[in-house]
Each structure stands twice: as structure tokens, then as C-alpha cells.
Amino acid sequence: MWRRTPSFILDRTSTSPPMAADTTRAPIQNPDSISAYYQTRAAHHGVITSEWLSQAQAAVGGVSDSGDEHPVSSLTELGNEKSFNVIEEFNSWRKQPDLAEAVAAIRALAAVIRASEATTMMELEIELTKASDTLKSWDTTSISLTAGCDLFIRYVTRTSALEYEDFNSAKSRLLERAEKFGEISCKARRIIAMLSQDFIFDGCTILVHGLSRVVLEILKTAAQNNKLFRVLCTEGRPDGTGVLLSSELSKLDIPVKLLLDSAVAYSMDEVDMVFVGADGVVESGGIINMMGTYQIALVAHSMNKPVYVAAESYKFARLYPLDQKDMAPALRPIEFGLKIPTKVEVERSARDYTPPQYLTLLFTDLGVLSPSVVSDELIQLYL
Amino acid sequence: MESRRNPRAVVDPKVRQVGFFTSSQPDSSSTQQQQQQTDPIPASASSPPVSTISPSGNSLSPVMIPPPRLNSSDTFPLRGAAAGASSAVSPSSFSYSNRRDFPDGSTTASPGRHSRGSFVKSSTPVASSLPGIGMDSMAAAKSSSVPASGLTTVSVATMPPGLAEKASGMEVQSDQKKNSKPLKEKTTKAERRAIQEAQRAAKAAAKADGGKVPPGTSASVASTSVKVAKPAKPSTQKNEVSVAAGVTEKKGGPSEKDRKKDAPHPRMQYDDESRVVKAKRRAVVKQTEAKNRVELFRHLPQYEHGTQLPDLETKFFQLDPMHPAVYKVGLQYLSGDISGGNARCIAMLQAFQEVVKDYSTPPEKNLNRDMTAKISSYVSFLIECRPLSISMGNAIRFVKNRIAKLPITLSESEAKAALQSDIERFINDKIIGADMVIVKHAVTKIRDGDVLLTYGSPTAVEMILLHAHELKKKFRVLVVDSRPKLEGQLLLRRLIKRGISCTYTHINAISYIMHEVTKVFLGASSVLSNGTVYSRVGTACVAMVASAFRVPVLVCCEAYKFHERVQLDSICSNELGDPNAISKVHGREDINYLDGLTNNANLQFLNLMYDATPSDYISMIITDYGMVPPTSVPVIVREYQKEHLLV
């Protein structure tokens, strides 16, 4: 089970993806047997430079704003097989580099509502849950995808609209909510950047780990606000996320220094705060993030430096890992440069879990939260 | 940029009013001021000065603020004015209300405790240590408001403004009274002081010769005054009014009630001699007190064990007020036949179902209130048999709430059926159903190759282990046990029978065995709102050792056992078991070192039943609302306590 998890990029031949029990839907599963979670990241990491970003945005242009036409047309083309549509839809949204996976999923689900031919509320709801299930089973390793789907279903169905007499008005109401939710999720990054500005003071040194779009946005906003600060980037082996981030930051004229991942403790004494993003925020208030976050948080904690997490609220997941091994591992290929004997085992997990006691604050679009509030918000969202 | 942030500030103006928050406080104080100015009437002979301590004037406040220690002469006129109208009240009531306030001659006795004491006296006695007992007296006060509105000169007039909220009809009266006040002559502060001193002296005298004034005195005085005022009133109403009047008579009545509504009721403190004596007089079960009581735990009941059972058994046919089902359950508690939080709670609820089934409203009584009183008396009997667990307290609160909420329009049989089904639903949803959900959540945390440790014999954990075994998970169980109950052996037996691989050890070996454990599953008697887990004694030790070894500790607890109380230690609320259980080892005649020492004055046996585990040592609490961190317990209490009362 452990070894057969998906998310190989290079080792395509290894095994078939151990998807959820939903075998009837085999064709709609990820055809490449590569973890979509990792694929997306790799794709983004490869190209996420500001020029490319602006180009892409210009190219996608109006679509993200008037996204309505696009999904409808694609749906009508594709025709009857609805379960197939979701993935297609999702992938088409996912191509936009600036769009988070969860938001793409939300957009795709909204499209499902729009294209649905259901005539009763119950039918629509069933269709929607089915679609979200397919999405979730398509990539079981992605936390934000699962969380986004769940949240969307909650947000859309838990409404008085369901008691509307007229089905069409109810449906349009649902659509409205879906659009609104998508918008909120899109704006989340801006809100977080705003909220975090109070914490960045002139002359501070910030340690950043991983390539998080939210953290990049925060630093960008701070630079635009003429704050004077220095950034230390960890290298982020094996993806080189730190290299990418540092080149981004240097374009903004932010003084930046690149560190080896193993040099974190060495340079921690000159650091004033640590900023990390998150793949998922779990119920305990801890985070699941790129490998290395846990050890950075431990070092920071032992040196009494604050650790700030920037995460949108759609990353809040109803998970509760008790320890590092207590979650579905997202495996990744690792290049060591040298030839490694086959007898040597390689730890390939791509992320780790940081318990809440090592985090200081979470910047979310719900506000600046202490880790224990996450569970309160989750309880209110889901129950 | 700023403009972006501003709307955010508008979006979440969720102001959660926490704790002693009172918006209306300044208002009420200003009205008090006004009143002082308008009616500067001196104290009359019958008003106890302490009464002025409670600023019961703020009728809007949701939470009572503990009254500040005011110089009594400052606020005196307010109360004095009210009392002035009913100056005819006899000195006996006066001495009653003061007896408690000046036990040591101090002028400003702490209001909370003493006034509560007086409350206990007037209402159903022992059960008042339960949350929610305030209800019957509340109901009394409420219903009294309607008839009272017709009265004009009842002693109810002494009511401070605070009560007006509940007895709105009476406001008319106090208004009238206010109008009449300015007619009285003014006095200086010094004069008022003098009067006060005189009162105090009179009081002391009354106390000296009166000795013990029966609790009913003030109420009876009030009721006589009612009779004088309106002799034509129907008797039931008179009683109700007299209750209300009695409450007001004892200073701070209303504020007390408010407080009662919000704050959990204090437990009986067994080191308070006067009250213990009183409680004993009422008691059905005659318990002999232990001779050598443990010093730090004098506030808990400490009895000789094993003496009451035969006595009670002989009384079985004489006790007509007690329902046989309740009696049976009580005896089972006493003998230890039923133990474990869920089992005790279910047994009690089923007994109550029987009670409801056999209930018929006595003539000229109201089903809601009479039944509540009945239940209260049963509960006090059960407490005598064994102190209630918090879960039982919650269940009783639920039952009483359901009774109080029964629509008046229902016929008796309908009401009974509704109640029975409510109780049934509570058992099914909140206890049995909750366990199912907990099991479902918890098995997701068991992986192949796990070594699970459990302590004692928690039912929820047993269900989890059995279910995980059914799912063909490969795991090993370590059952840790402790003297004197050795409950773990029972669990062990049942696990072995199902073919689960087990290791059994005593708690002494916990530090040795812990390094091979991967998860610790514990049960709980209750989870308090600061995340503290209140559970079988020894649990804290296990949790602490586990957390020192970085082993995750999972606590399985149904949400109906959550309580809004906060507890920091295991001393202030606990239960003491049979001291003989730890002084002797059964089956080991060679260990007789303590023979003949059991009654030695220098030897005290402490057999604690529960302990409190701080939330730091707990990784996760598994409840029927999912898996939550211990910091989220207050959220569940806040969000669902209401719903669970309403079910």
C-alpha cells in the first residue's frame, strides 16, 4: 500500500495508481498514473516566472473573469458523459498557472451545476457529490483538492435555497453561491497579503521555505509598501523551489540569500521570522507542507522565533494526523546526482506534518488565527 | 490597500461576549443612583444590610457580576426603601435572613456562598447540588408573577428591581411603592448608621434566643402577609406567591437566581458541618461516616463502606415516596453492581422512564413542576447512594429540561409518552449512537502493526478494539491495570476471547512498557471545557508517561459528557472509594501489615476514584462530532450544549 501510492513522475512504469474503490469509473482516473498533485506543482515550478505568468494571464485574459462561456461550451461539446466532464473541466482550469488546484476544482464543480440536466434538487445534489467524488478520487494525495471539494459541497448545499419551491430559481441560487465561493477563494490570497503586512517590520529578516504563491504575494506586497526587509530562501531540494523563489524576489529588488536546506539552524540566529505556505491545514491546527517545514519549525521554536503560516481557508481539511506517517504519503522522485546502489532505500515523501505547538500564527482569509482556532472554524464549517 | 482591509473589518464583527460581560451595567448603576436620589429613605428595622450588596438592579444583564463589596451604608437606601413598606415583617424572618449573613459577626459576608446556602434551604434540598435545579424555583417565580399583579400590598413589594424582570407583573407594584417613598422623611448617613447598628444588635439577640429558625419562617411570614392582603385568593396561588416572596425576603433573591442560571451549581461541601447535619436529617440512606477522614479531602463525603446495604434492603417496602426502579438503581450503585459512566447513566435514565410510566399527576398539581420535584428527590437519593458523575448531571439536566418544556396543552398520557420517547432518544442518540460514531472515527487511526495501550476498562475503547479486529487490522493490545478495582482483567478477558493478542501489566510498569507503544487509547468520565480530561484515577499518569515518550494519547468520550466547568486539579471535585479496598489485599493472608491499624488516628487511607489530566498531555479527543483537539472542547460545548438540551 505504502509503495503503491501514486505520484511518480519519472518512474511511470512502476505500478498502477491505487485509486479509491471506485473501479467502475476506471476510465476517468488520472490516465498518466502520475500524482496530479505533484504534476501540477512540477509544471508550475518549471515555468512560474513573472514574465510567463503575466503572459499566461494575458492569454487566459477574460476567461477567468467571464469564465462562464468556456465551461459551458466545453461541456456541451463533450456531451452526455458527465463524470468525464469534471476532470476535463478541472484540468482546463488547472492550466491557469495562477489558479490554485482547489479553486480550479471549485470552478469545475460550478460548471457541473451549470451543465446539469437534473430536474430536482435531490438529483442535482447527487450529481454534484458524484462529481466531487470523482475529482477527489482522481487525485487522492492532494489535500487542498479534497478540502476544496468538501467545502464547496458544504457551502453550496447548506443553504435555504434548497427549500425553494421552484427548482430553477434554486439552481440559479446555487450557481450564484458557487460563483461567489470561487471569487472568495480567488481573493483569499490578496486578503492574506494585506493581513500579513502588520507583521513585517523594517529591517527584519525573513526565512522562507518552499515556493508558496501566498508567501510570494505577501513578500511582493511588502516590497510594494516600501518595507525594508531581507529574505533567506532555503534551497528546497530536490525541486529547487528556493532557487525559483529567490530569482523571483531578486526581480523585485528584495535582498535575498540562498541557503542549503541543512543550513537552517546555522542561520536561524539572524532570522526574525519564518514564513511558510501550506498544502493543507489540518484540524489540530498543524500544517502539512513541503518536506523540511517541520524541522525548520522545530529549529525556530527552539530559538524562540515566530513561525507564520500563510494559507487560504479552502486548505482547511478535516484531517487529524497524529504523527508524520499518519497521512497518505505523496511520493516524489529524488535525484541525488550520484548513482545509488539498489539496496539503499530512499525516503521519497514530498511533505511532512508540523504540529500546532510549533506554529505561531496562521494568516488566512478568515483572519489571523492561532492554531487552535482552526479546529473551531472547521467545526463551524462542517458540522 | 487600506481600503481593501477596511471592508474586512466590517465583515467579521463577530463579537463574542465571553465571561462576565454586562452591557447594561452602567445603566443599572445609574438607575440605582437615581433611585437613591429620589428615595433617600433610611433603613427600616427589618432589612438586613447585607442585602444591599447584590446589585440586583441590572435586570438586562445576561450574566450576573459578582457584587462588589460596597460600603453598605452607601447603597442602603435603595433596599431600605423597599423594606420600609413591609416594615411589619416580624423579627423572626429578620433573624433568619441574618443568621447566615453574620456567622462571625462580619458585616460584609461573602454573598455568593451564604445566600446560596439559604437557597438550598428553601428549595428541594439535596438535589440543589445539581445543575439545573434552579428551574423549579424559577418556574415558581414565573408563575407567581401573574397572580401577583393583582395584589397591591403584598410583602413581595420588598423585591429589588432585579426580580422585576421575572415577575414583570409586579413592576406595577414597585412603581407604586416608588411613588410612595418620597413621602417618608429623610435621614442623614450617620442616622442610618445608627439604625444599622441597632439592627445588628437586635439580630444578634434574635440569633441567640432563636437558635435555629426553621427555614420556612420567612416564607411563612410572607405568606401570612399575603393572606392579610388578599384573603380571597385561591390557596395554590398563595403558595406560589409566598415562595416568591420568601425568595425575595432573603436578600439578593433575584441576583442569586440569575447567578444560578448561569453558573454551575456548587457541590455540597462536606466539611461545612451545619449543612452536613441538615443533609443527614433528610437522607434516606443512613451512612456512617469514616472515622479517619483524609485531611485534604474533607469536603468530599467519606463514609464507612458496606454498612448501608442491609439497612436499605430492609427498608425496601417502607419507602413509599421512592419509585422501586429508582431504588433498585440506587442500590446497584451502592453495591457497585453498575459502574462505568455510560452504564450508570443509562440505568438511571431507564429508571426515570419507569418513573414517568407510572406517574400520575396528583390532584391540584401541575405535571411539569410536580414531576421535576419528583425527579429531584430521586436524584438526591441517587446522590446519597453514590455521587453523580458529570455525565449523569448532564442527562438529568436534559430530562428536567424536557419536562419543563412540555407544552401545557398536552394531556397527561401524551406528555408521558413524549417524555419517555425523549429519554429513549437520548439513550439511543447521545450514548449508544455516539459510541458507534466514535468507533467509526477511531478505527481510522489504527494501522497495521500498531501497539495500542489502554488503561482500565473503558467501554468505548473496547468497542473500538473489537471493531478494528473485525476489520482484520493487525495490532496488539497492552492492557494496563491498577489496584484495587482491577477492571482491566474484565477487558482482557473479553479481548482474549475474540482472539486479540494482548499483554497485561499493572501501572507500575508503565514507564518500561511505554516505549513499544504506538498509540494510547483512553476513556473519560468527563471532558471539561479547558480540555481537562476527568477520568479513572491513574489516567493522568498514563497520559503523562505517554506524552513524555511522544506517544499520541487519544481520548474517547461522548459529547454528552462534556461540561462547561473548568477544573485545574483532582482535589476540589472527586469521589472517595472504600478505604478498606486499599488497606487489604484479598487472597493474600500473609500481607497483613495493617491489621489492627485501620482505626488508628494517625493513619488515613485515601482511595481516590478520579483524576484530572491536563489537556497538554492529550493529542486528540474523539467524540461523536469527530476528532477534535482538546482546545476545541469549549466550541462543542458552546455550539451543541443547547441543541443537546433540546434534542
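Residues numbered from 1 in each chain as written. Chains lettered and ligands numbered in written order. Predicted model: local features only at pLDDT ≥ 70, side-chain atom pairs only at ≥ 80, totals over all residues. Heavy atoms only, no water.

Re the overall build of chain B
Where we set the bar: Where helices and strands are cited, they refer to DSSP runs of H or I of at least four residues and of E of at least two residues respectively, numbered from the N terminus. Accessibility here uses a 1.4 Å probe with only protein chains present; expressed as a share of the type maximum, an area under 20% marks a residue as buried, one over 50% as exposed, and anything in between as partly exposed. Whether two residues are in contact is decided by their heavy atoms, any of which lying within 4.5 Å being enough. Where accessible areas are quoted, they stem from the Shrake-Rupley method and a 1.4 Å probe; at the residue level, only the protein chains shown are allowed to cover.
Secondary structure assignment for chain B yields 25 helices and eleven strands. Evaluated residue by residue, chain B yields a buried proportion of 53% over its 647 residues. At a minimum sequence separation of 6, the contacts of chain B that also span at least 24 residues come to 80%. Of the roughly 28900 Å² of accessible surface on chain B, a fraction of 57% belongs to carbon and sulfur atoms.

Comments concerning the pattern of salt bridges
The line we're drawing: Criterion for a salt bridge: a side-chain nitrogen of Lys or Arg within 4 Å of a carboxyl oxygen of Asp or Glu.
One pass over the structure, following the stated rule, counts 25 salt bridges over all chains. We note a salt bridge from Lys315(A) to Glu312(A), for which the minimum N-O separation is 3.1 Å. A salt bridge links Arg536(B) to Glu487(B); its shortest N-O distance comes to 2.7 Å. Residue Arg536(B) is located in strand S6 (residues 533-536), and its partner Glu487(B) is located in the loop between strand S2 (475-481) and helix H21 (488-497); the two are separated by 49 residues in the primary sequence. When its relative accessible area of 19% is taken as the criterion, Arg536(B) is described as buried. Judged by relative accessible area, which is 24%, Glu487(B) ranks as partly exposed.

Examining the sheet that holds strand S5 (residues 280-281) of chain A
All names here are of chain A. Formally: Note on pairing: DSSP must find at least two bridges between two strands before they are called paired.
The strand order S5-S6-S8 describes an open sheet built from three strands, whose pairing is antiparallel. With partners counted over all chains shown, the strands left at the sheet margins are S5 and strand S8 (351-354), one partner each. Note that strand S6 (residues 287-290) and S8 share four bridges and pair antiparallel. Residue pairing across strands places Met290 opposite Arg351, the latter belonging to S8.

What about the sheet that holds strand S5 (residues 526-528) of chain B?
Residue and element names in this part refer to chain B. Overall, mixed pairing links the four strands, which are arranged S8-S5-S6-S9 in an open sheet. The open sheet has two edge strands, strand S8 (562-563) and strand S9 (610-613), and neither has a second partner. The pairing of S5 with S8 spans two bridges and is parallel. Within S8, the position partnered with Leu528 by the bridge is His563.

Considerations on the interface of chain A and chain B
Size of an interface: often given as the accessible area lost when the parts come together. We count it as follows: Two parts lose some accessible area (1.4 Å probe) when they are put together, and adding that loss for both gives the buried area. Contacts described as polar in this section are N or O atom pairs within 3.5 Å, which, within protein, must combine one atom able to donate a hydrogen with one able to accept it, while residues neighboring in sequence count only if both atoms come from side chains.
Across the contact, 25 residues belong to chain A and 25 residues belong to chain B. When chain A packs against chain B, close to 2200 Å² is buried across both sides, 52% of that on carbon and sulfur atoms. Looking only at chain A, the three residues that lose the most surface to chain B are Met194(A), Tyr320(A) and Leu322(A), adding up to 31% of its buried area. Put simply, chain A and chain B have two salt bridges between them. With a shortest N-O distance of 3.0 Å, Asp326(A) and Lys445(B) are connected by a salt bridge. Counting across the interface, chain A meets chain B through seven residue pairs in polar contact (both at pLDDT 80 or more).

Focus: the pairing of strand S2 (residues 229-234) of chain A
On a regular strand, one side chain projects to one face of the sheet and the next to the other, so that they alternate. Residue and element names in this part refer to chain A. Filter applied, for reference: With the strands pointing away from the viewer, any crossover whose connection runs clockwise from the first strand over the helix to the second is right-handed.
Among the six residues that make up S2, five are buried, leaving the element largely enclosed by the rest of the structure. For strand S1 (residues 204-209) and S2, the ladder comprises five bridges, and the chain directions are parallel. Counterpart to Val208 in the pairing with S2 is Cys233. With helix H10 (residues 213-224) bridging S1 and its parallel neighbour S2, the resulting β-α-β unit is right-handed. Both S2 and strand S3 (residues 256-259) contribute to a ladder of four bridges, which runs parallel. What sits directly across from Thr234, in S3, is Leu259. Assessed by its sense of winding, the connection that carries the chain from S2 through helix H11 (residues 241-251) to S3 is right-handed.

Let's talk about helix H16 (residues 341-358) of chain B
Residue and element names in this part refer to chain B. To keep things clear, this is the line we draw: A helix is expected to span 1.5 Å multiplied by its residue count minus one.
Along its 18 residues, H16 runs 26 Å from first to last C-alpha, staying within 8% of the 26 Å computed at 1.5 Å per residue. Those residues of H16 not exposed but buried are Asn342, Arg344, Cys345, Ile346, Ala347, Met348, Leu349, Ala351, Phe352, Gln353, Val355 and Val356. Residues of H16 that are buried sit in contact with helix H15 (324-335), helix H17 (367-385), helix H18 (390-405), helix H19 (412-443), helix H20 (459-470) and S9.

A word on the confidence of the model for chain A
Residues and elements named next belong to chain A. Rule in force here: Known as pLDDT, the predictor's per-residue confidence is scaled from 0 to 100.
Per-residue pLDDT for chain A averages 76, and the proportion of residues at 70 or more is 74%. Averaged over each element, pLDDT in chain A is lowest for helix H4 (residues 69-78) (39) and highest for helix H13 (residues 293-302) (96). Here residues 1-34 scores under 50 on pLDDT; set against residues more than four positions off or in separate chains, the count is 55 contacts. When the criterion is pLDDT under 50, residues 60-83 qualifies, and its contacts beyond four places in sequence or with other chains add up to 32 contacts.

Focus on the packing of aromatic side chains
How we decide: Any two of the Phe, Tyr and Trp rings considered here, Trp counted by its six-membered ring, make a pair once their centres fall within 6.5 Å; the pair's planes then place it as stacked at under 30 degrees, edge-to-face at over 60, or tilted in between. We call a charge positioned above a ring when the Lys NZ or Arg CZ atom is no farther than 6 Å from the ring centre and deviates by at most 35 degrees from the ring normal.
One pass over the structure, following the stated rule, counts ten aromatic pairs over all chains. These aromatic residues form a ring-pair network of at least three members: Phe199(A), Phe275(A), Tyr308(A) and Phe363(A). In this structure, Arg344(B) is placed above the aromatic ring of Tyr333(B), and the distance from its NZ or CZ to the ring centre is 5.4 Å.

Examining the pairing of strand S4 (residues 273-276) of chain A
Residues and elements named next belong to chain A. Burial of S4 is two-sided: the residues Met273 and Phe275 facing one way and the residues Val274 and Val276 facing the other way are all buried. The pairing of S1 with S4 spans four bridges and is parallel. Counterpart to Val208 in the pairing with S4 is Phe275. Summarising the sheet, S4 and strand S7 (residues 307-310) pair through three bridges and their orientation is parallel. Looking at the pairing, Val274 lines up with Val307 of S7.

Digging into the side chain of Ser389(B)
Residue and element names in this part refer to chain B. Position of Ser389 relative to the elements: it lies in the loop between H17 and H18. With a relative accessible area of 7%, Ser389 lands in the buried category. Of the polar contacts made by the side chain of Ser389, one reaches the side chain of Ser391; its length is 2.9 Å. Excluding residues that lie within four positions of it along the chain, Ser389 makes contacts with Arg344 and Ser525.

Digging into the environment of Leu495(B)
All names here are of chain B. Inspection of the secondary structure puts Leu495 in helix H21. Residue Leu495 is classed as buried on the basis of its relative accessible area, which comes to 0%. Sequence-wise, Leu495 and His469 are 26 residues apart; in three dimensions their C-alpha atoms are separated by 9.6 Å. Leaving out residues up to four positions away in the same chain, Leu495 has contacts with Leu465, Leu466, Val477, Val479, Ile500 and Cys502.

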